[in-house]
Amino acid sequence: MSSTSSAEPTHLLPRLAINTDLARRILVLFLRDAVTKAGFQRAVLGLSGGLDSALVAYLVAEALGPENVLAIRMPYRASSQASLDDAQAVIDALGITSDTVDITPMVDPLLERFPDTSRVRQGNIMARMRMVVLYDQSAATDALVIGTSNKTEFLLGYTTVFGDNAAAVQPIADLYKAQARQLARAMGVPRSILEKAPSADLWANQTDEAELGFSYDLADQLLYLLVDERYTVDEAAAEGFDRALVEHIWRRVRRNHFKRTMAPVAKLTTRSIGHDFLYLRDWSG
């Protein structure tokens, strides 16, 4: 499967347009409500220099006030300086508190222990080390960890369990990548971030779309049909998409469902967690 191509279908992208003013208000209120109901006043997030984390930083700063946001840059030795610079541009623009934690001394001993580690495993290790830092700083600063994954990543399983998908709140997980870009543009995220190729910055010249084998625009359109519109694979292919790609993406959605749910609990009693013992997030007393 090829990456972004000028010949790929784009006719469904207009259906992904959102009312950015309304989405902004909803997400700001959601964040304020979710953080305070959990008993916190402050938030902490990883700031990579990419679009998604930048957008979340803007939303959280508006919801809680910049003085109540801690953004942590967590580079590895292979991380690009451009990503660090873009993250710093967000920090400067918002006036939020920040820190930089180099994860290289955390990651390299494990890689040296397992010298045959694949790139996928290396990326998972980095993602989980970053979450170790975030949750440590959550405890140190009494701040709730905010996630930065979008809907496209969640559906495709392009996340690391107990890594970048580990968070107390996920504000943009119902926005496809194209929609996150729309909102980021409306909120004034720096142009350098809006225009660069999406990347987890796991190794030199790594990009999400090259690793996935297809563009986000293509994935967004197909996922919109398959998930939001409940199309079958046949119906989605009939919209002008390559059937093999439709099948591939739908298999990814199904195969990675476990990443989107809590660990299943074996039911042995009359009030099992996740089965019968179900309460709202803000239940207390």
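Here's what I pulled together on the structure shown here. (Residues numbered from 1 in each chain as written. Predicted model: local features only at pLDDT ≥ 70, side-chain atom pairs only at ≥ 80, totals over all residues. Heavy atoms only, no water.)

Turning our attention to a nonpolar patch on the surface. Taken together, Val-265, Ile-273 and Phe-277 make up a surface patch of nonpolar side chains, about 260 Å² in accessible area. Looking at the element boundaries, Val-265 is found in the segment after helix H12 (243–255). (Patch = residues over 30% accessible without salt bridge, like charges linked within 9 Å, V, L, I, M, F, W, Y side chains within 5 Å. Areas by Shrake-Rupley, 256 points an atom, 1.4 Å probe, with all protein chains shown as cover. Salt bridge = Lys/Arg side-chain N within 4 Å of Asp/Glu carboxyl O. Helix = DSSP H or I, 4+ residues; strand = E, 2+ residues; numbered from the N terminus.)

What the rule picks out here adds up to eleven salt bridges. A salt bridge links Arg-15 to Glu-229; the nearest nitrogen and oxygen atoms lie 3.8 Å apart. Taken together, the positions of Arg-15 in the segment before helix H1 (20–37) and Glu-229 in the loop between helix H10 (216–228) and helix H11 (233–237) put the pair 214 residues apart, joining distant regions of the chain. Since its relative accessible area comes to 38%, Arg-15 is described here as partly exposed. The closest approach of N and O atoms between Asp-33 and Lys-37, which form a salt bridge, is 3.4 Å. Taken as a pair, Asp-33 and Lys-37 lie in helix H1 at a separation of four residues, close to a single helical turn. Asp-33 sits in the partly exposed class, given a relative accessible area of 35%. Lys-37 gets classed as partly exposed once you look at its relative accessible area, which sits at 46%. Here the residues in one salt-bridge network are Lys-151, Asp-174 and Asp-228, joined through shared partners. (Buried < 20%, exposed > 50% of the residue type's maximum accessible area, 1.4 Å probe, protein only.)

The residue Tyr-216 is located in helix H10 in this model. Owing to a relative accessible area of 2%, Tyr-216 belongs among the buried residues under this scheme. Separated by 174 residues in the primary sequence, Tyr-216 and Arg-42 have C-alpha atoms spaced 32 Å apart. Within polar-contact distance, the side chain of Tyr-216 engages the side chain of Asp-208 at 2.9 Å. (Polar contact = N/O pair within 3.5 Å; in protein donor to acceptor, adjacent residues only side chain to side chain.)

Our focus in this paragraph is helix H2 (residues 51–64). Compared with the 20 Å implied by 1.5 Å per residue over 14 residues, the 20 Å span of H2 between its first and last C-alpha is a close match. Looking one or two places after H2, you find Gly-65, whose phi comes out positive at around 95°. (Expected span 1.5 Å × (residues − 1).)

Time to look at the sheet that holds strand E3 (residues 97–100). A sheet is described by the order of its strands in space; here four strands give the open sequence E3-E2-E1-E4, paired in parallel fashion. Two strands lie at the open edges of the sheet, namely E3 and strand E4 (143–145), each paired on one side alone. Averaged over all neighbouring strand pairs, the angle between strand axes comes to 25°, with direction disregarded. Direction of pairing for strand E1 (residues 42–46) relative to strand E2 (residues 69–73): parallel, over a ladder of four bridges. For Ala-43, the partnering residue across the bridge sits in E2 and is Val-69. (Pairing = 2+ DSSP bridges. Axes fitted to C-alpha atoms, helices over the stretch in contact; angles between N-to-C directions.)

With respect to the secondary-structure elements, Gln-179 resides in helix H7 (residues 177–187). Look at Gln-179 and you get buried, because its relative accessible area is 10%. In sequence terms Gln-179 and Ile-91 are 88 residues apart; their C-alpha atoms lie 23 Å from each other. Excluding residues that lie within four positions of it along the chain, Gln-179 makes contacts with Leu-16, Ile-18 and Asp-174. One polar contact links the side chain of Gln-179 to the main-chain carbonyl oxygen of Leu-16, over a distance of 3.2 Å. (Contact = heavy atoms within 4.5 Å.)

Geometric descriptors of this kind do not, in isolation, establish any biological role.
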